[in-house]
Amino acid sequence: MNPFSRRTFLKGIGTGAIAGVVRPLAALAQDAARADSQKFGPGEVEISLEINGEKRTLKVEPRVTLLDALRNRLAFTGAKEICDRGTCGGCTVQVDGKPVYSCMLLAVDMIGRKIKTVEGLARDGKLDPVQQAFVEQDAMMCGFCTPGFVMSARALLDRNVRPTRDQINEACAGNLCRCGAYPHIVAAIEKASAKNA
């Protein structure tokens, strides 16, 4: 008699499926307990965010996105609200050094994280090399998408000083330019890369 039957196979699959569900549920329960301990909402709560190296205190409802908090409550208007669906990159900022869509993040989830906006790149009245290269290479037709591209490019150059053209294209794949200035944008990032080295 064969010890391996359809019944034992199905029992094994069932046990594996249950284990696969229980582990994520336990993680979700821990997240929920952590969220409950922070006592957010439903009304406005006071939070403190680190933006461009400075602490900023504001009151937000838990549903407020980082983009809304930056633009409408703190006057950091570099990140643009375009699609509001996480598809165009116009709202790109850096969180802990990584480019992210600020329209897809909740402001309350950014407590304790380091946020950098395009306004935080220039130092002592001097543009960041990426910003300067965008100017020199005419990489900003209407300019609406430019801050998002600049933030994605800056994050790329922070982790890879001399990226290839393919790496530049990949780093900016989440950003859309409706004017079609892509060749100028890539040239600007290559120029900034040369200055960065």
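In what follows, the structure referred to is the one given above.
Residue indices begin from 1 for each chain and proceed along its sequence in written order. The predicted origin of the model limits local features to residues at a pLDDT of at least 70 and limits the giving and counting of side-chain atom pairs to 80 or more, whereas totals for whole chains, interfaces and linings rest on all residues. The basis for the side-chain values is all heavy atoms of the structure; hydrogens and waters are excluded.

Asker: Is there a simple way to explain the packing of aromatic side chains in this structure?
Answerer: Each pair of aromatic rings is reported with the distance of its centres and the angle of its planes. Two rings from Phe, Tyr or Trp (for Trp, the six-membered ring) form a pair when their centres sit within 6.5 Å of each other. Planes less than 30 degrees apart are called stacked, planes more than 60 degrees apart edge-to-face, and all others tilted. Across all of its chains, the model carries one aromatic pair by this definition. With centroids separated by 6.2 Å and ring planes inclined at 70°, the aromatic side chains of Phe149 and Tyr182 adopt a geometry described as edge-to-face. With Phe149 in helix H4 (residues 146–159) and Tyr182 in helix H6 (residues 182–196), this pair connects stretches of sequence that are 33 residues apart. Working definition: helices are DSSP H or I runs of at least four residues, strands are E runs of at least two. Numbering for both runs from the N terminus.

Asker: When you look at the packing of helix H3 (residues 129–136) against H4 in this model, what are you seeing that I'm missing?
Answerer: As a rule, the C-alpha atoms of each element are fitted with a line to give its axis, helices using only the stretch in contact, and angles between N-to-C directions run from 0 to 180 degrees. The geometry of H3 relative to H4 is characterised by a closest axis approach of 9 Å and an angle of 130° between their N-to-C directions. With respect to their mutual orientation, H3 and H4 come out oblique. Once H3 is placed against H4, the crossing between them reads as right-handed. The residues of H4 that touch H3, namely those facing Pro129, Val130, Gln131 and Phe134, are Thr146, Phe149, Val150, Ala153, Arg154 and Leu157. Among the residues forming the contact of H3 with H4, the class breakdown is seven nonpolar, two polar and one charged. What sets the label is the angle itself: under 35 degrees gives roughly parallel, over 145 gives roughly antiparallel, 65 to 115 gives roughly perpendicular, and the rest give oblique. Throughout, a crossing is termed right-handed when the near helix is turned clockwise from the far one, and left-handed when it is turned anticlockwise from it by less than a right angle. In this analysis, two residues are considered to be in contact whenever any of their non-hydrogen atoms come within 4.5 Å of each other. Any residue outside Ala, Val, Leu, Ile, Met, Phe, Trp, Tyr, Cys, Pro, Asp, Glu, Lys and Arg is labelled polar, Gly included; the first ten of those are nonpolar and the last four are charged.

Asker: Where do I start with the nonpolar core in this structure?
Answerer: One recurring pattern in soluble globular proteins is that nonpolar side chains are buried together. In plain words, nonpolar cores are sets of buried Ala, Val, Leu, Ile, Met, Phe, Trp, Tyr and Cys residues tied together by side-chain atoms within 4.5 Å. Under the scheme applied here, a residue whose accessible area is under 20% of the maximum for its type counts as buried, over 50% as exposed, and between as partly exposed, the area being computed with a 1.4 Å probe on protein chains only. Ranked by internal contacts, the top residues of the largest apolar core, which has 23 residues, are Val130, Phe134, Phe149, Val150, Cys177, Ile185 and Ile189. Where this core is concerned, the elements lending two or more residues are H3, H4, helix H5 (165–171) and H6. The element best represented in this core is H4, accounting for six residues. Residue contacts for Val150: discarding those within four places in its chain leaves Val118, Leu121, Val130, Gln131 and Phe134.

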